[in-house]
Amino acid sequence: MNVLVINCGSSSLKYQVINSESEQVLAKGLCERIGIDGRLVYQPAGGEKEITDAPMPTHKEAVQMVLDALVNERTGALKSLDEIEAVGHRIVHGGEKFTASTLIDDDVIAAVKECNDLAPLHNPANIIGIDACRQLMPGVPMVGVFDTAFHQTMPKEAYMYGIPYEYYDKYKVRKYGFHGTSHSFVSKRAAEIVGRDYSQLKTIVCHLGNGASICAVENGKSVDTSMGLSPLEGLIMGTRSGDIDPSAMEFIASKEGLDMAGIMNILNKKSGVEGVSGVSSDFRDLEAAAKEGNERAILAIDMFAYRVAKYVGSYVAAMNGVDVICFTAGIGENTGFIREKVCSRLGYLGITLDEEANTARGEEKLISTPDSKVKVYIIPTNEELAIARETVSLVK
Ligand code: AMP
């Protein structure tokens, strides 16, 4: 079965066509600058990347251009659109309503809209993408795969905030967690690699990308994760602060004359390793600056790794142990010095890193020594493949 995987942002749309039997990507790309001017990037398997500038006033034109590119006579990966048998949509926030992926119908769309308040930047864009696909591919089954669903197994003591209970009752204010598709994919793969039953394994997944989160997966279930009601909580990220005393922001707001929107802008877009270093949110730039002796870049890197190690320790406590620790996403897969800095703080768990193995980039690899009590792996994430698998399992 060929599955079109769609990941819509407010002005962008990423897509892949995946054959579910071979799990090969037949074509992939993205539409950018939707609503501004419009650009399609299209790449068939084994072919050259093509870039086409064309007006995309809405996501509907963007989806239409993707479909046209997929069946283009010269470079199209498909002969006809009938070859797309299902569409899998990434949806960011499923609130408490969605504990698993689901076939999309009108009721599901209405329920996703009810979660819009919880993810005002992301969910409306996801719905626009779904609407565009339903209009252009009527009759093709569509599946929604939620970033939050995997974490719906967290126990209440883990997901509640220490604020008046009425805010949970009235507005469902609580920890939800994100990157669930990635945490689920990587933790399942870890169980396969170590040859253990997923339902009897304690895994900590460190998804370290521009957005970063950690998840404790006990016996196949997420029992805690570092992001919260929104993706702002937890680790120090590219431009997001992660955990902070809210009073610090009230103090800054009063000194700088900022309102809530100004404060949220600082926490989401001006903070993290970029805000601390003043250099960049990209770890490749930070590494280069650190090598030149830039003290704030060195500090940002150390703060990032320290926070990761602190969360790992807290999740060992949450699960009363850990069998496997996995590093994934851009930084987790590619940046050995971060993995090394994190693991150097985890010696008390009996972890020893294999320095040679830890030079690996972007490949599945055991990076702990054979005598290490806890196994440490690099496991590349593949959220699109995970969405395609979920889609097939529901459509079949
Ligand atoms: P992500 O959000 O998962 O794409 O991760 C982006 C982060 O991964 C950036 O901070 C990059 O600097 C970092 N990174 C380091 N090496 C690489 C690489 N070879 N390819 C992609 N991202 C990388």
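Placed above this text is the structure.
(A) Expanded view of the overall build of the protein. Each helix and strand in the protein was counted, giving 14 helices and 14 strands. Relative to its length of 396 residues, the protein is compact, with a C-alpha radius of gyration of 21 Å against a globular reference of 21 Å. Within the protein, counting contacts between residues at least 6 apart in sequence, those at least 24 apart form 60% of the total. For the protein, the exposed area adds up to about 18,300 Å²; of that, 49% sits on carbon and sulfur atoms. With 40 positive and 53 negative side-chain charges, the protein shows a spacing of 2 Å between the two charge centroids.

(B) A look at unusual backbone geometry. One non-glycine residue, Glu23, adopts positive backbone phi at about 60 degrees. Positionally, Glu23 belongs in the loop between strand S2 (13-19) and strand S3 (24-32). Note on Glu23: relative accessible area 31%, which makes it partly exposed. For Asn219, which is not a glycine, the phi torsion comes out positive at approximately 50 degrees. Secondary-structure assignment places Asn219 in the loop between strand S10 (212-218) and strand S11 (221-225). Owing to a relative accessible area of 36%, Asn219 belongs among the partly exposed residues under this scheme.

(C) Expanded view of the sheet that holds S2. The sheet built from eight strands is open, its strands ordered S5-S4-S3-S2-S1-S6-S8-S7 with mixed pairing. A single partner strand is all that each edge strand has here, and the edge strands are strand S5 (50-53) and strand S7 (102-103). Of the pairings in the sheet, the one linking S3 to strand S4 (residues 39-44) comprises six bridges and is antiparallel in character. Counterpart to Ala27 in the pairing with S4 is Pro44. Sitting on the sheet, helix H14 (residues 383-395) is in contact with strand S1 (2-8), S2, strand S6 (84-91), S7 and strand S8 (142-146), with an inclination near 120 degrees to S6.

(D) Structural detail: empty space enclosed by the protein. Overall, the coordinates contain one cavity of 30 Å³ or more when judged by the stated rule. Taken together, Ile6, Cys8, His89, Arg90, Ile91, Asn126, Gly129 and Ile130 make up the lining of the largest cavity. Elements supplying a minimum of two residues to the lining of the largest cavity: S1, S6 and helix H3 (123-136). Taken together, the residues of the lining of the largest cavity break down into four nonpolar, three polar and one charged.

(E) Focus on the packing of helix H2 (residues 106-114) against H3. For the pair H2 and H3, the least separation of the axes is 10 Å and the interaxial angle reads 160 degrees. Considering their axes alone, H2 and H3 lie roughly antiparallel with respect to each other. At the point where H2 passes H3, the crossing takes the left-handed sense. Only Asn123, Ile127, Ile130, Asp131 and Arg134 of H3 make contact with H2, whose side of the interface consists of Asp106, Ile109, Val112 and Lys113. Considering only residue class, the contact of H2 with H3 consists of four nonpolar, one polar and four charged.

(F) Broad picture of the environment of Arg296. On the secondary structure map, Arg296 appears in helix H11 (residues 295-319). By relative accessible area, Arg296 is classed as partly exposed at 46%. As for Arg296 and Val276, which are separated by 20 residues in sequence, their C-alpha atoms are 6.5 Å apart. Apart from the residues within four sequence positions on either side, Arg296 is in contact with Gly275, Val276, Ser277 and Gly278. A polar contact of 2.9 Å, which involves the side chain of Arg296, links it to the backbone oxygen of Val276.

(G) Up close: the side chain of Ser182. Counting through the fold element by element, Ser182 comes out in helix H6 (residues 180-194). What makes Ser182 buried here is its relative accessible area of 0%. In this structure the side chain of Ser182 is engaged in a polar contact, spanning 2.7 Å, whose partner is the side chain of Thr381.

(H) Broad picture of the site of the ligand. Every residue lining the ligand is accounted for by Gly209, Asn210, Ser281, Asp282, Phe283, Arg284, Ala329, Gly330, Ile331, Asn334, Thr335 and Arg361. Measuring from an oxygen atom of the ligand, one finds a backbone N or O atom of Phe283 at 3.0 Å. Here an oxygen atom of the ligand and a backbone polar atom of Ile331 are 3.2 Å apart. For the ligand, whose unbound accessible area comes to 490 Å², protein coverage reaches 67%. A per-class count over the shell around the ligand returns three nonpolar, six polar and three charged.

(I) Molecular detail of the packing of helix H10 (residues 283-291) against H11. Their axes nearest at 8 Å, the elements H10 and H11 cross at an angle of 125 degrees. Judged by the inter-axis angle, H10 sits oblique to H11. For H10 against H11, the interelement crossing comes out left-handed. Residue-level contacts link Phe283, Leu286, Glu287, Ala289 and Ala290 of H10 to Ala297, Ile298, Ile301 and Phe304 of H11.

Criteria and cut-off values
- Residues numbered from 1 in each chain as written.
- Predicted model: local features only at pLDDT ≥ 70, side-chain atom pairs only at ≥ 80, totals over all residues.
- Heavy atoms only, no water.
- Helix = DSSP H or I, 4+ residues; strand = E, 2+ residues; numbered from the N terminus.
- Rg over C-alpha atoms; globule rule 2.2 N^0.38 Å.
- Contact = heavy atoms within 4.5 Å.
- Areas by Shrake-Rupley, 256 points an atom, 1.4 Å probe, with all protein chains shown as cover.
- Lys, Arg positive; Asp, Glu negative; His and termini not counted.
- Charge placed at Lys NZ, Arg CZ, Asp CG, Glu CD.
- Buried < 20%, exposed > 50% of the residue type's maximum accessible area, 1.4 Å probe, protein only.
- Pairing = 2+ DSSP bridges.
- Axes fitted to C-alpha atoms, helices over the stretch in contact; angles between N-to-C directions.
- 1 Å grid on protein atoms, 1.4 Å probe; cavity = no way out; pocket = protein on both sides within 12 Å on 5 of 7 lines; lining within 4 Å.
- Points joined across faces, edges and corners; volume = space filled by probe spheres on them.
- Nonpolar A, V, L, I, M, F, W, Y, C, P; charged D, E, K, R; others polar.
- Parallel < 35°, antiparallel > 145°, perpendicular 65-115°, else oblique.
- Left-handed = near helix turned anticlockwise from the far one by under 90°.
- Polar contact = N/O pair within 3.5 Å; in protein donor to acceptor, adjacent residues only side chain to side chain.
- Near = heavy atom within 4 Å.

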